[in-house]
Amino acid sequence: MKYLVGIDPGTSGVKCLVIDEAGKVVKSVTREYPLYTPRPAWSEQDPEDWWKGTQDALKEMLTDVDKSKIAAIGFSGQMHGLVALDKDNKVIRNAILWNDQRTEAECEEIIATAGGIDGLVSYTNNTMLTGYTGGKILWLKKNEPENFAKMKTFVMPKDYIRLKLTGEAATDVSEASGTGLFDVKSRRWAEELISKLGFSMSLFPKVYESDEVTGHVTPEAQTITGLPAGLPVYGGGGDAVIQNTGMGIVKEGTLGIVMGTSGVVATAMDSFGENKGGKLQFFCNNAAGKWMAFGCQLSCAGSMEWFKNTFYAESNAPFAEINSGAEASTVGAGGVQFLPYLTGERSPYPDPDARGVFFGMSLLTRKGDLARAVMEGVAYGLKQIVDLILGTNPKLKFTEVILSGGAAKSELWKQIVADIMDLPVKILAGAAEGGAYGGAIVAGVGEGIFTSLDETDVHEVKEVIAPIPGNVALYKKYMKVYDKLYYDLKDTFKMAAKL
């Protein structure tokens, strides 16, 4: 029996786990670390905190694991963060993270330099979001020229742990896709765009496919972590992509929905599709020669958290009461619709001015109707992202949904998702382990323990929720109203934002 290690340095902490050849988690350990906010809307971390947390997690994990059985290591990790390194691969300043919002002006400059959104999409098949790494590099050049002059290369968060384990500065195609400076179609850096921006290609790390060996554990890293020296370390992937790999979203036709604070809708694609207008994120998949399209709803389970805190703050069992009230309502929530734009929206409408709305209330409206409207409104918004993805490839068809995240604990919400998507919804064991699990799976493919990501079948199906035909028909009617609401309110959102 061979073991595989997955390492996932996330925003709140690092997860290290070991799985066996059957995909069973042998042991999982998490270590937390701090987040720094030096200014409003800025978000930074010290890469050494990631490394210290990884060391501690690995040491604890390995106390109960036969190290001689470990075959390889794979990575996941928070995406887009800029770790600037000097000529000795030393960190120059704190890492600027994915949720940092300081680069709006730089993103606009990159888009303009590329010839507008359509021009940028022609280079990368993505727009430039404030979270992406590209804007951070330009920000460093404009605002901290001394640090930019010291920078000889950069990596993203998970790749800093790779550097500490192997001595190699490298990344993988899925992670590189999230820089906004990567030619996703050709799976290489967008050199012409990079040149237009005035950056040297020498700054950009070598890029590997996810299942390629990027280095081996050094004797120094063995002393520090306890991992055997010489272990192969594979490319792995950025968390937004590889957590879907860990959920089994590899074959075309399977839709993955993660209903966390934000909601992510993703699917694997066997062929390249044009991301017109840059409304989606279109990245390289962890499987060579494949891609992944996805969109992010900013307030998914976060909408329900707001609803709970606002209307059930005094309750001892708020979620039980919310579900009971929503179940007592009807399909369509008594005519009430909810737009989940509590913090603006990214997809399907990239609009920071959009705001949450309850529409259609009457004297007959009860709190349970509002609760159900939140569930349905979130699911309608996710369906709009699904439709955007389908628009990238007319041949693309979905046969099932793999659902995970906190919202998947609600029996009613799972049924609502199945009905609105008109697809069976599956809940898998192991999906809760996130990107670290995907990283271990990818390493197993690289080692030949698993034949391929397409053929890897280690996911136990815990539950299947079938759509109810009568509900499906009703939701199609209600969704026509939902689809119209944003466009009716778009100008009003902008007017209100100026007050």
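The structure presented is a predicted model; accordingly, all values stated were derived computationally and were not measured.

*Asks:* Teacher, can you tell me more about the overall build of the protein chain here?
*Replies:* Scanning the protein chain from terminus to terminus reveals 16 helices and 23 strands. At 23 Å, the protein chain has a C-alpha radius of gyration in line with the 23 Å of a compact globule built from 499 residues. For the protein chain, buried positions account for 59% of its 499 residues. Expressed as a percentage of contacts within the protein chain between residues at least 6 apart in sequence, the contacts between residues at least 24 apart total 71%. Of the roughly 19600 Å² of accessible surface on the protein chain, 51% is carried by carbon and sulfur atoms.

*Asks:* Mind showing me how you'd approach the sheet that holds strand S16 (residues 263-269) here?
*Replies:* Strand pairing in a sheet relies on backbone hydrogen bonds, with the paired strands running either antiparallel or parallel. Reading across from one edge, S17-S18-S16-S15-S21-S22-S23 is the order of the 7 strands in this open sheet, with mixed pairing throughout. Strand pairing shows two members of the sheet lacking a second neighbour, strand S17 (281-284) and strand S23 (461-465), which therefore form its edges. Taking the axes of each pair of neighbouring strands and ignoring which way they run, one obtains an average angle of 25° across the sheet. Bridge count for strand S21 (residues 400-404) against strand S22 (residues 425-428) is 2 bridges, and the pairing is parallel. Pairing of Ile402 across the sheet is with Lys426, part of S22. Seen against the sheet, helix H10 (residues 239-246) touches strand S15 (254-259), S16, S17 and strand S18 (291-297) and runs at an angle of roughly 110° to S18.

*Asks:* Mind showing me how you'd approach the packing of H10 against helix H15 (residues 435-447) here?
*Replies:* Two measures define how a pair of helices packs: the angle their axes make with one another and the distance between the axes. Where H10 contacts H15, the two axes come as close as 7 Å, and the packing angle between them is 75°. Taken together, the axes of H10 and H15 are roughly perpendicular relative to one another. The residues of H15 that touch H10, namely those facing Ile242, Gln243, Thr245 and Gly246, are Gly435, Tyr437, Gly438, Gly439 and Val442. Looking at the contact of H10 with H15 residue by residue, the class counts come to 3 nonpolar, 6 polar and no charged.

*Asks:* Looking at this model, I keep getting lost on the pattern of salt bridges. Mind explaining?
*Replies:* Pairing is possible between side chains of opposite charge, provided their charged atoms come close. Scanning the entire structure with this criterion turns up 25 salt bridges. Between Arg102 and Asp100 there is a salt bridge whose closest N-O contact spans 2.8 Å. In this pair, the class of Arg102 matches that of Asp100, namely buried. For the salt bridge of Arg188 with Asp183, the shortest nitrogen-to-oxygen distance reads 3.9 Å.

*Asks:* Help me out: how do you make sense of H10 in this one?
*Replies:* In an α-helix, one turn spans 3.6 residues; hence positions three or four apart end up facing the same way. Most of H10 is tucked away, with 6 of its 8 residues classed as buried. Among the residues making up H10, those that are buried are Ala240, Val241, Ile242, Asn244, Thr245 and Gly246. One or two residues past the end of H10 sits Gly248, with phi positive at roughly 90°.

*Asks:* I would appreciate a short explanation of helix H1 (residues 47-62) in the present structure.
*Replies:* Taking 1.5 Å per residue, 16 residues should reach 22 Å; H1 reaches 22 Å between its end C-alpha atoms and fits that length. Sitting at the head of H1, Asp46 places a side-chain oxygen 2.9 Å from the backbone nitrogen of Glu48.

*Asks:* Would you mind showing me how to read the side chain of Thr124 here?
*Replies:* Topologically, Thr124 is positioned in helix H3 (residues 116-124). Residue Thr124 is classed as buried on the basis of its relative accessible area of 1%. For Thr124, the residues in contact, after removing those within four places along its chain, are Gly180, Leu181, Phe182, Asp183, Val184, Ala190 and Leu193.

*Asks:* When you look at the packing of aromatic side chains in this model, what are you seeing that I'm missing?
*Replies:* Remark: the centre distance and the inter-plane angle together describe each pair of aromatic rings, the angle taken between the planes. Tallying each qualifying case throughout the model produces 27 aromatic pairs. Aromatic pair Phe272 and Trp291: ring centres 5.8 Å apart, planes at 75°, arrangement edge-to-face. With Phe272 in the loop between S16 and S17 and Trp291 in strand S18, this pair connects stretches of sequence that are 19 residues apart. According to the relative accessible area criterion, Phe272 is partly exposed, its value standing at 26%. Through successive ring pairs, a cluster of aromatic residues spans Trp306, Phe307, Phe311, Tyr312, Phe338 and Phe358. The ring of Trp42 carries the charged tip of Arg102 above its face, separated from the ring centre by 3.6 Å.

*Asks:* For this particular structure, what's the right way to read the nonpolar core?
*Replies:* Proteins that are soluble and globular tend to have nonpolar side chains buried together. Ranked by size, the top nonpolar core spans 108 residues in total, and within it Met151, Leu181, Phe199, Ile257, Met259 and Trp413 carry the most contacts. The element contributing the most residues to this core is helix H13 (residues 367-390), with 12 residues. The contact partners of Trp413, leaving out residues within four places of it in the chain, are Met259, Cys300, Ala301, Met304, Val374, Met375, Val378 and Ala407. Core analysis: the second largest hydrophobic core is formed by 32 residues, Val29, Ile73, Val83 and Tyr160 among them.

*Asks:* Looking at this structure, I do not really get the side chain of Glu209. What am I missing?
*Replies:* As for its placement among the helices and strands, Glu209 is situated in the loop between strand S12 (206-208) and strand S13 (213-216). For Glu209, the side chain forms a polar contact with the side chain of Arg187, separated by 2.9 Å. Other than its neighbours up to four places away in sequence, Glu209 contacts Val173, Arg187, Gly235 and Ala288.

*Asks:* Just to check I follow, could you spell out the environment of Thr37 for this structure?
*Replies:* Within the secondary structure, Thr37 is located in the loop between strand S3 (25-32) and strand S4 (44-45). For Thr37, a relative accessible area of 52% corresponds to the exposed category.

*Asks:* What is the right way to look at the environment of Ser404 in this model?
*Replies:* Tracing the backbone shows Ser404 in strand S21. Judged by its relative accessible area of 10%, Ser404 falls in the buried class.

*Asks:* I tried to follow the packing of helix H11 (residues 301-311) against helix H12 (residues 318-328) on my own but got confused; where do I start?
*Replies:* Between H11 and H12, whose axes approach to 10 Å, the crossing angle comes to 105°. Taken together, the axes of H11 and H12 are roughly perpendicular relative to one another. Side by side, H11 and H12 meet where Met304, Glu305, Phe307 and Lys308 of the first sit next to Pro318, Phe319 and Ile322 of the second. Taken together, the residues of the contact of H11 with H12 break down into 5 nonpolar, no polar and 2 charged.

Definitions and cut-offs
Residues numbered from 1 in each chain as written. Predicted model: local features only at pLDDT ≥ 70, side-chain atom pairs only at ≥ 80, totals over all residues. Heavy atoms only, no water. Helix = DSSP H or I, 4+ residues; strand = E, 2+ residues; numbered from the N terminus. Rg over C-alpha atoms; globule rule 2.2 N^0.38 Å. Buried < 20%, exposed > 50% of the residue type's maximum accessible area, 1.4 Å probe, protein only. Contact = heavy atoms within 4.5 Å. Areas by Shrake-Rupley, 256 points an atom, 1.4 Å probe, with all protein chains shown as cover. Pairing = 2+ DSSP bridges. Axes fitted to C-alpha atoms, helices over the stretch in contact; angles between N-to-C directions. Parallel < 35°, antiparallel > 145°, perpendicular 65-115°, else oblique. Nonpolar A, V, L, I, M, F, W, Y, C, P; charged D, E, K, R; others polar. Salt bridge = Lys/Arg side-chain N within 4 Å of Asp/Glu carboxyl O. Expected span 1.5 Å × (residues − 1). Polar contact = N/O pair within 3.5 Å; in protein donor to acceptor, adjacent residues only side chain to side chain. Phe/Tyr/Trp six-rings, centres within 6.5 Å; stacked < 30°, edge-to-face > 60°. Lys NZ or Arg CZ within 6 Å of the ring centre and 35° of its normal. Core = buried A, V, L, I, M, F, W, Y, C linked by side-chain atoms within 4.5 Å.

Note that all results are geometric; they support no functional claim without further evidence.
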